Amino acid sequence: MKKLFFLILLLAGCAVCLQAQNPKQPSWLSDAVFYQIYPSSYQDSDGNGIGDIPGIISRLDYIQSIGVTAIWLNPVYVSGWTDGGYDVIDFYRVDKRFGTNSDLVELIRQAHARGIKVVMDLVAGHSSDQSEWFLQSKEAPDLRYSDYYIWPSFKPEGGQNPAQGGSLDDAVRNNASASLLSKFVATDAPRGPYYIKNFFDTQPALNFGFANPDPGHPWEQTVDAPGPMAMRRELKNIISFWMDKGVDGFRVDMASSLVKNDPDKSATIKLWKDDLMKWFGSEYPEGVLIAEWFNPAQSVAQAGFDLDFFCHDGQYNYSSLFFYGRRGFGPNATVTMPYFDEAGAGGLKTWYDLYTYQYDAVKGNGYVCMPTGNHDFNRVCTEGRTNPEELKVAMTFFLTMPGVPFIYYGDEIGLKQNPAAPSTDGSGFRAGCRIPMLWDASANAGFSTAPIEKIYIPQDPDPNRMTVEKAEADQNSLLHYVRGLLQLRKEFPALGADASWKLVSSLDQPYPMVYERTRGGERCWVVLNPSAKAVTVTLPAETAKPELIGGNYKKCNYRQTRKGDVISISGVSAAIYKF
Ligand code: NOJ
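Because the structure is predicted, anything quoted here is derived from the model rather than measured. (Residues numbered from 1 in each chain as written. Predicted model: local features only at pLDDT ≥ 70, side-chain atom pairs only at ≥ 80, totals over all residues. Heavy atoms only, no water.)

### Regarding the sheet that holds strand β12 (residues 406-408)
Sheet architecture is open: eight strands sit in the order β11-β10-β9-β8-β5-β2-β1-β12, paired in parallel fashion. Here the strands that pair on one side only, and so sit at the sheet edges, are β11 (367-369) and β12. Averaged over all pairs of adjacent strands, the angle between their axes in this sheet comes to 25°, without regard to strand direction. Here three bridges tie strand β1 (residues 34-37) to β12, and the two strands are oriented parallel to one another. When the bridges of β12 are listed, phenylalanine 34 appears paired with phenylalanine 406. (Pairing = 2+ DSSP bridges. Helix = DSSP H or I, 4+ residues; strand = E, 2+ residues; numbered from the N terminus. Axes fitted to C-alpha atoms, helices over the stretch in contact; angles between N-to-C directions.)

In structure tokens:
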């Protein structure tokens, strides 16, 4: 009896130490693996050349087979299609190109039946200039939606030049107001002569007020003025509308953009933390809110989001690990080698400093997430990095780092960036990463039965292109490797979202990178050598020799010597050890 009591106590203790670190976050989040789908490019079900929701439903078994547990859909709302769906005309209705609201509800039902959550994109900061709200707001100042937008009556002069005597604070403020000035759009609308946009001209900013309204600028309302408060109610309404239909949460587009002239983001943080988060947490405790903010120290640690991204944008990014000397494309850009390239010419320091700052800032409050890619920047399979073994090394990194993994659709098979893809739906260069999925050997790789010229974005014409069908048939494929990694993550809590992380190797010798993950007494080391050359590293002596539990290495050797523990690993290899 006594023994049983202690056993129960022990099990309860383990459950506590393995549970999500932040009790405020949804219980399912710490074990989640997201799969991001750009809906126009995943699966077309009605033969018009564009992907849709019934198409996604038809691929749910495959999605489940990868081992992911949640889907994030890029916007599916009625849109003007000048920015890939981020110019929303009707926030309460699914765009015809994707189907109906009922199709989305059916997707949620079928995903849930497979244990998969569904997260939508919430475009919180702007709408389309074709939305009912904007069309009404531009008419006159006293209609229902008039104050949903910002209508400056003149364009102020730029701020004081900090080089001529201003303080650093002035400089930050001036930068913020200069960047706001760049968002003034001239218009001949009756409410003109200007409105403020958030991104493209077709995306007027929604009015959540100004951090410090300038009395000389009558259009700058306080955050708690009636207009901005009505805007907040509308946002909550949109959230509730979809949450009540079964959605599991949102990825919030440009979440840091809501309050204007807010250089340190304190007013935007306050709005999220004190109002939207409190409300959301009490209404939907199992719902997730993912920030697109690119600064988890603000979005997660302060504003209360469950997680935020660390990838291509903002000051905190992984450019030095993955990007070929530039963010997208450009004819004159000089190409410098990222860390993840066979050249072995990259470094870790830039990334390490940025990442550890963010990692330390959010620990225990939520997650810093490094996605394999997304709809805004080059895919991981791009330029010099197209060899499946290189992609396996990169995937080992993405799927064994702390935080919640995000796999961008197709990255699991090595879907290749198409630098020649023509701009589509306002994508610009981003079309190259929004290419349709490649499924099998049938016409248009099984994506659509439409004539080839109708396909949303041209697919890779290479007859040797990788498809899901080929990847399934090859036990050595990236797809099987990714499945194996996700299985390992499940099996070993030390590889999971909440396990602690530390770099074990030195920044002075970047190849191989060795990091340690620890959780509840379990300890793993991940060894990554993206370079083509075999490398050796000497690390402080451990008491025991670890066991190899995963990787794509040709050779990997662990020796305990008098000088320390020596790991030798072949080129383009990853290895995972467990102590
Ligand atoms: C970020 C989205 O990821 C991007 O695709 C979009 O163009 C902008 N926000 C504007 O909504």
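### Digging into the sheet that holds strand β14 (residues 513-519)
The strand order β13-β14-β15-β20-β17 describes an open sheet built from five strands, whose pairing is antiparallel. Looking at the sheet topology across the chains shown, the edges are occupied by β13 (500-503) and β17 (547-551). Averaged over all pairs of adjacent strands, the angle between strand axes in this sheet comes to 25°, irrespective of strand direction. Across seven bridges, β14 lies against strand β15 (residues 522-529) in antiparallel orientation. Bridge pairing in β15 links threonine 518 to arginine 523.

### What to know about the nonpolar core
Judged by nonpolar contacts, the single largest core of 173 residues is most densely connected at Trp351 and Phe397. If one sorts the elements of this core by residue count, helix α8 (residues 266-283) sits on top with eight residues. In this structure tryptophan 351 touches Phe310, Asn317, Tyr318, Ser320, Leu321, Met370, Phe397, Met401, Trp501 and Met513, once residues within four positions along its chain are discounted. Of all hydrophobic cores here, the second largest spans nine residues; its members include Phe184, Tyr194, Ile196 and Ala205. (Core = buried A, V, L, I, M, F, W, Y, C linked by side-chain atoms within 4.5 Å. Buried < 20%, exposed > 50% of the residue type's maximum accessible area, 1.4 Å probe, protein only. Contact = heavy atoms within 4.5 Å.)

### A word on the pairing of strand β9 (residues 288-291)
Going residue by residue along β9, you find Val288 and Ile290 tucked away on one face and Leu289 and Ala291 tucked away on the opposite face as well. Here strand β8 (residues 249-253) pairs with β9 via four bridges, running parallel. Paired with glycine 249 across the strands is valine 288, a residue of β9. Between β8 and its parallel partner β9, the chain crosses via α8, and the hand of that crossover is right-handed. Here two bridges tie β9 to strand β10 (residues 307-309), and the two strands are oriented parallel to one another. Across the sheet, alanine 291 pairs through a bridge with aspartate 308, a residue of β10. (Right-handed = clockwise from strand over helix to strand, strands pointing away.)

### Things to note about the domain arrangement of the chain
Taken domain by domain, the chain holds domain 1 (132-227) and domain 2 (499-578). The gap between the C-alpha centroids of domain 1 and domain 2 is 52 Å. (Domains from an automatic or database assignment.)

### Regarding helix α4 (residues 101-113)
The terminal C-alpha atoms of α4, which comprises 13 residues, lie 18 Å apart, in line with the 18 Å expected from a rise of 1.5 Å per residue. Each element contacted by the buried residues of α4 is listed here: α2 (53-58), α3 (60-66), β2 (70-73), β4 (88-94), β5 (117-123) and α7 (226-243). Trailing α4 by a residue or two, glycine 115 shows a phi angle of about 75°, which is positive. (Expected span 1.5 Å × (residues − 1).)

### Things to note about the pattern of salt bridges
When charged atoms on two side chains of opposite charge get close, those side chains can pair. All chains considered together, the criterion is met by 23 salt bridges. Note that arginine 232 and aspartate 275 form a salt bridge whose closest N and O atoms lie 2.7 Å from each other. Linking arginine 232 in helix α7 with aspartate 275 in helix α8, this pair joins segments that are 43 residues apart in sequence. Assigned by exposure class, arginine 232 and aspartate 275 land together as buried. Arginine 483 is the salt-bridge partner of glutamate 472, the closest N and O atoms lying 2.9 Å from each other. Highlighted residues: glutamate 472 in helix α13 (residues 468-473) and arginine 483 in helix α14 (residues 478-491), separated in sequence by 11 residues. (Salt bridge = Lys/Arg side-chain N within 4 Å of Asp/Glu carboxyl O.)

### Quick look at the site of the ligand
Around the ligand sit Asp83, Tyr86, His126, Phe199, Arg251, Asp253, Met254, Glu292, His375, Asp376, Arg430 and Arg434, and those are all the residues in its vicinity. A distance of 2.8 Å is found between an oxygen atom of the ligand and a side-chain nitrogen or oxygen belonging to aspartate 253. Note that an oxygen atom of the ligand is positioned 2.9 Å from one of the side-chain N or O atoms of arginine 430. Across the complex, the protein chains shield 97% of the 290 Å² of accessible surface that the ligand would expose by itself. A class-by-class count of the residues in the shell around the ligand yields three nonpolar, two polar and seven charged. (Near = heavy atom within 4 Å. Polar contact = N/O pair within 3.5 Å; in protein donor to acceptor, adjacent residues only side chain to side chain. Areas by Shrake-Rupley, 256 points an atom, 1.4 Å probe, with all protein chains shown as cover. Nonpolar A, V, L, I, M, F, W, Y, C, P; charged D, E, K, R; others polar.)

### A word on α14
The end-to-end C-alpha separation of α14 is 20 Å, in line with the 20 Å expected for 14 residues at 1.5 Å each. The element α14 is largely enclosed, with a buried count of 10 among its 14 residues. The inward-facing, buried residues of α14 abut α3, α12 (388-400), β12, α13, β17 and β20 (573-578).

### Section: the packing of α7 against α8
Relative orientation of the contacting elements α7 and α8 amounts to 30°, with a least axis distance of 11 Å. For the element pair α7 / α8, the angle class is roughly parallel. Where α7 crosses over α8, the two elements pack in a sense that is right-handed. Where α7 abuts α8, its residues Arg232, Leu235, Lys236, Ile239, Ser240 and Met243 lie against Leu271, Asp275, Leu276, Trp279 and Phe280. Across the contact of α7 with α8, the residue classes break down as seven nonpolar, one polar and three charged. (Parallel < 35°, antiparallel > 145°, perpendicular 65-115°, else oblique. Left-handed = near helix turned anticlockwise from the far one by under 90°.)

### Quick word on the pairing of strand β18 (residues 556-561)
One ladder, built from six bridges, connects β18 with strand β19 (residues 564-569); its direction is antiparallel. Counterpart to glutamine 560 in the pairing with β19 is aspartate 565. Between the end of β18 and the start of β19, which pair antiparallel, lie two residues.

### What to know about the environment of aspartate 498
With respect to the helices and strands, aspartate 498 occurs in the loop between α14 and β13. On the accessibility criterion, aspartate 498 (11% relative accessible area) is buried. Along the chain, aspartate 498 and glycine 364 lie 134 residues apart, while their C-alpha atoms are 7.9 Å from each other. A polar contact of 2.6 Å, which involves the side chain of aspartate 498, links it to the side chain of tyrosine 367.

### Quick notes on the side chain of aspartate 308
Checked against the element boundaries, aspartate 308 lands in strand β10. A polar side-chain atom of aspartate 308 sits 2.7 Å from a polar atom in the side chain of serine 299. What aspartate 308 contacts, discounting residues up to four positions off in sequence, is Ala291, Glu292, Trp293, Phe294, Asn295, Pro296, Ser299, Val300, Tyr367, Val368 and Cys369.

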